[in-house]
Every structure is written in structure tokens, then in C-alpha cells.
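# Notes for the structure review
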Amino acid sequence: MVCILCSALGYLILGVSTSVFLVALARVPAGIFKHTHSISRAVLSDLVAEKERPLVLGKFNTASTAGFILGPMVGGYLTELDGGFYLTAFICFFVFILNAGLVWLLPWGEVKLNMTENGWQVGKSHRLVGKTNSEVPEDAHPEPTASGGTAWWLPWMEVLQTLRRLKSLLFSELRDIFLVRLLMSMAAMLYYSNFVLALEERFEVRPKISGYLLGYSSTLGALAGFAMGPLMWWYNDNCHTMLLHSNTLTCLLLVLYSMACTMSIVVFASTLLSFSTSIGRTCITDLQLTMGGGAQASGTLIGIGQSVTAVGQILAPLLSGVAQEVSPCGPPILGAMLASVAIMIMSVNRLHHGGNAPAKSKSE
């Protein structure tokens, strides 16, 4: 609720802005609090069983991608109207208010009951990842003071404990998963960042046609979420192997796209890339939740994963510009190289991370 309402405030300020300062100010609450996508993933991971999580996350990604497809289309049309920018900002504000109402109406009491029945503790136990109440050190619980309240320094202790937890996660066995996520996000961004310019230089394709091709790929990526169920059955619920194969397919398709001599090959590579990247995102999210403690650490793990992806999205355009100066095929070739490094990391740690997945699913 806090994130939704603060994001709505940012768009409200944007809708009434009359100067560049107010436009910049409006982006502050939106940049800080507009992370409802990550929070929704964390809630879903709490609500569903581990075996069903990839399928549910795949459907969630499908719904999200549909929004990413429709949003630019509607926004582009509204912006062309007289005062369309302000109209678009106010519509975003009302959409966030509508979302806040929907969240308020959700049966959260039943949600907490279901989480407790599944063996996951709700409330203060989420502050310490991977520990039950019996394992939490005594100094981690607030002790009442003489006045009946809690000491003023206890909130700061919780902040320090959160920072220590983040550090332990970054330097645990999850570091390989986060590194793979960083490399694959950079590889995908290197493909998309110069897609329109590369097609124009290599095949003299107009930007309008390139936009249609990007929309076609996004639509296929949305539909890929429905394929998670059959794929999970085919791989016997082994997300590590599925992720390894999807990353390998992504690497090969990037090489094929960089060597393409006709537009038909580009369309073929783009079609399969939309599936492989979408499935890879779902698998790596499920894998980091499985290895990092499941529901008890879902919020922290998804937050770190989003930050790692954001770092990749910052670095990829810089690398893409340098590679583009060398050759129009430079960015996808560099992306294929980064993907191959991710594949090698996963192959080296395959037995360590993925060896127990089939056995686990059979025991369930």
C-alpha cells in the first residue's frame, strides 16, 4: 500500500508540474517506491508451494508483459493529444489509486492463514532469514524498557541486521546465481539496446518495421509464460537444468542473429529469443528463491535480484555503444560472450546447485 500510494503521489505531482524542477521532483517518489512488481513476486512466492512457483511466476510474467505491451501503445496515443502528457500522468495516478483499492479489498486474513498452514511464519520471523523462533538470538527480540516501551536504538539494530543479512546473501553460494543473472540481463540488453539501429544499418529496415518486430517478440514473450507448466513436467521440476538450457539457447541465438544475412533469419532468431529469455527470467527467480530460503527470504532475495538486473541495465548501454562503434554486429556478439560465461559458471556448479532437484520433486 505504501509503495502504490507513494507512486500515485509521484504521478500526481507530474500531472500538475509547471517546471522542470517539479518534473524532477515527481520522479523521486516514483523511483523510490515504484517496485510493486517485485513485491507482487514476493507475495506470490509466499502463497504458493515451491513446486508450483515457476508456473505461477510464469503466468505473472505473462500478465506483466501484456501491460508493458499495452502501456506504450496507449501512452503514445494519449501523448499526441492536446495536453496529452498531463492527461497520461493523471491516468497513471488514478490507475495506482485503483490498484490501492484492489489491494485493500484482498482477503489478507485468509492469505496469512494459508501461509501459516503451509508451514511459513508470518510477521517478525521474516526479519531473520532462515531462522525459526527457537534459533533467533535473544538480543534480536525487543526488550521492554522501564517505561513499558522499546529502546530507541532497536530499530537501528534491525537495520544493521538487515544489512548483515544482505551481505551474507551476496557472499553466499547465491553469488553464482546473482552473477549469472547479471550476465544474462546484460546479454539480453545488448541485443535489445541497438536492435532498431542495427537493422537499419544492416538491412535498411525502417524503424516502424523494427518496432513491429519488437512488439511481435514482446507478445511471444508474454505467451511463453503459459509454457512453464509443460516445461516443468518435461524437466522433472529441475529449474537449474531448464535455466542452463535456456541460457545456452539464448547464447546460440545471439550468435545466429549477429551472423544473419537475411531478415527471415532475424525474425527466426527473435522469435526463439523471446521464449528463451522469458523462460530464463522465470527460472532464475525461482532458483534464487529455492536456494536462498524460500518464502522466509522472498522479499530480500527478489529485491537483490532486481538490483542486480538494474546494474546490468545500466552497464549494457555503455558496452553496447562501444561495441556498436566497432561493428553493427558487435553488441549481440558481446552478449553471446557474456552468456557463454554464464553458461560456464552454471556448468561448473551444476552438481552443487541442481543435483537434488529431481529427487526433491519425487519426494514431494
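All values derive from a computational prediction rather than experimental measurement. (Residues numbered from 1 in each chain as written. Predicted model: local features only at pLDDT ≥ 70, side-chain atom pairs only at ≥ 80, totals over all residues. Heavy atoms only, no water.)

## Some thoughts on the overall build of the chain
Across its full length, the chain carries 17 helices and zero strands. In the chain, which comprises 364 residues, the share counted as buried stands at 41%. Considering only residue pairs separated by 6 or more positions, the chain has 75% of its internal contacts joining residues 24 or more positions apart. When the accessible surface of the chain is summed, it comes to about 19,700 Å², and 69% of that surface belongs to carbon and sulfur atoms. (Helix = DSSP H or I, 4+ residues; strand = E, 2+ residues; numbered from the N terminus. Buried < 20%, exposed > 50% of the residue type's maximum accessible area, 1.4 Å probe, protein only. Contact = heavy atoms within 4.5 Å. Areas by Shrake-Rupley, 256 points an atom, 1.4 Å probe, with all protein chains shown as cover.)

## Brief notes about the UniProt feature "transmembrane region" (unreviewed entry) in the chain
In the numbering used here, UniProt assigns the feature "transmembrane region" (unreviewed entry) to residues 85-106, 178-199, 211-235 and 255-275. In this annotation, residues 85-106 is assigned 95% helix and 0% strand; the end-to-end C-alpha distance for the span is 32 Å. (UniProt positions renumbered as here; feature names shortened; annotations may be inferred.)

## Notes on the packing of aromatic side chains
How two aromatic rings sit relative to each other is set out by the distance from centre to centre and by the angle between their planes. All told, the structure shown has seven aromatic pairs when counted by the stated rule. With 5.6 Å between their ring centres and 20 degrees between their planes, Tyr11 and Phe96 make a pair best called stacked. One end of the pair, Tyr11, is in helix 1 (residues 2-15); the other, Phe96, is in helix 5 (residues 84-105), with 85 residues separating them in the sequence. The two residues Tyr11 and Phe96 agree in class, both being buried. Taken together, a centroid distance of 5.1 Å and an interplanar angle of 85 degrees make the contact between Tyr191 and Tyr257 edge-to-face. Here Tyr191, found in helix 8 (residues 175-193), pairs with Tyr257, found in helix 12 (residues 239-258); they are 66 residues apart in sequence, far enough to count as distant. Across this residue pair, the class does not change: Tyr191 and Tyr257 are buried. Counting every residue linked through ring pairs, the aromatic cluster contains Tyr191, Tyr192, Phe195 and Tyr257. (Phe/Tyr/Trp six-rings, centres within 6.5 Å; stacked < 30°, edge-to-face > 60°.)

## Digging into helix 1
Here helix 1 spans 20 Å end to end across 14 residues, near enough to the 20 Å set by a 1.5 Å rise per residue. Among all positions of helix 1, only Cys3, Ile4, Ser7, Ala8, Gly10, Tyr11, Leu14 and Gly15 are buried. Angular distribution of buried residues about the axis of helix 1 spans 155 degrees; they occupy a single face of the element. Tucked inside the fold, the buried residues of helix 1 contact helix 2 (20-33), helix 3 (36-47) and helix 5. (Expected span 1.5 Å × (residues − 1). Arc of directions from axis to C-beta.)

## Observations regarding the pattern of salt bridges
A side chain with one charge may pair with a side chain of the opposite charge, provided their charged atoms come close. Scanning the model with the defined rule gives one salt bridge in all. Close ionic contact of Asp286 with Arg53 constitutes a salt bridge, the shortest N to O distance being 2.8 Å. Here the residue Asp286 occupies a position in helix 13 (residues 263-291), and Arg53 occupies one in helix 4 (residues 53-79), the gap between them amounting to 233 residues. We classify Asp286 as buried; its relative accessible area is 4%. (Salt bridge = Lys/Arg side-chain N within 4 Å of Asp/Glu carboxyl O.)

## Things to note about unusual backbone geometry
Even without glycine at this site, Glu204 takes up a positive phi of about 55 degrees. Structurally, Glu204 can be placed in the loop between helix 9 (195-203) and helix 10 (207-223). The phi dihedral of Asp237 falls on the positive side, at around 60 degrees, and the residue is not glycine. Its place among the elements puts Asp237 in the loop between helix 11 (228-234) and helix 12.

## Here's the deal with the environment of Pro331
Along the chain, the position of Pro331 falls in helix 15 (residues 330-348). Owing to a relative accessible area of 0%, Pro331 belongs among the buried residues under this scheme. Along the primary structure Pro331 and Ala316 are separated by 15 residues, whereas in three dimensions their C-alpha atoms are 9.0 Å apart. The residues contacting Pro331, other than those within four sequence positions of it, are Leu190, Asn194, Ser320, Ala323 and Gln324.

## Notes on the nonpolar core
Val180, Phe195, Leu199, Met242, Tyr257, Val266 and Cys283 are the most contacted members of the largest nonpolar core, which has 50 residues in total. The set of elements that each furnish at least two residues to this core consists of helix 8, helix 9, helix 11, helix 12, helix 13, helix 14 (298-326) and helix 15. For this core, the element with the highest residue contribution is helix 8, accounting for 10 residues. One finds Ala8, Leu14, Phe96 and Ala100 within the second-largest nonpolar core, a separate group that totals nine residues. (Core = buried A, V, L, I, M, F, W, Y, C linked by side-chain atoms within 4.5 Å.)

## Quick word on the packing of helix 3 against helix 4
Contact geometry of helix 3 with helix 4 gives a least axis separation of 10 Å together with a crossing angle of 155 degrees. If you check the angle between helix 3 and helix 4, you find them roughly antiparallel. Crossing handedness for the pair helix 3 and helix 4: right-handed. The residues of helix 4 that touch helix 3, namely those facing His37, Ser40, Arg41, Leu44 and Ser45, are Arg53, Val56, Leu57, Phe60, Asn61 and Ser64. For the contact of helix 3 with helix 4, the per-class residue count stands at four nonpolar, five polar and two charged. (Axes fitted to C-alpha atoms, helices over the stretch in contact; angles between N-to-C directions. Parallel < 35°, antiparallel > 145°, perpendicular 65-115°, else oblique. Left-handed = near helix turned anticlockwise from the far one by under 90°. Nonpolar A, V, L, I, M, F, W, Y, C, P; charged D, E, K, R; others polar.)

## Regarding a nonpolar patch on the surface
On the surface, Met1, Leu5, Ile97, Trp104 and Leu105 cluster together into a nonpolar patch covering about 560 Å² of accessible area. In terms of residues, the nonpolar patch owes the most to one element, helix 5, which gives three residues. Relative to the elements of secondary structure, Leu105 occurs in helix 5. Under the relative-accessibility criterion, Leu105 is labelled exposed at 67%. (Patch = residues over 30% accessible without salt bridge, like charges linked within 9 Å, V, L, I, M, F, W, Y side chains within 5 Å.)

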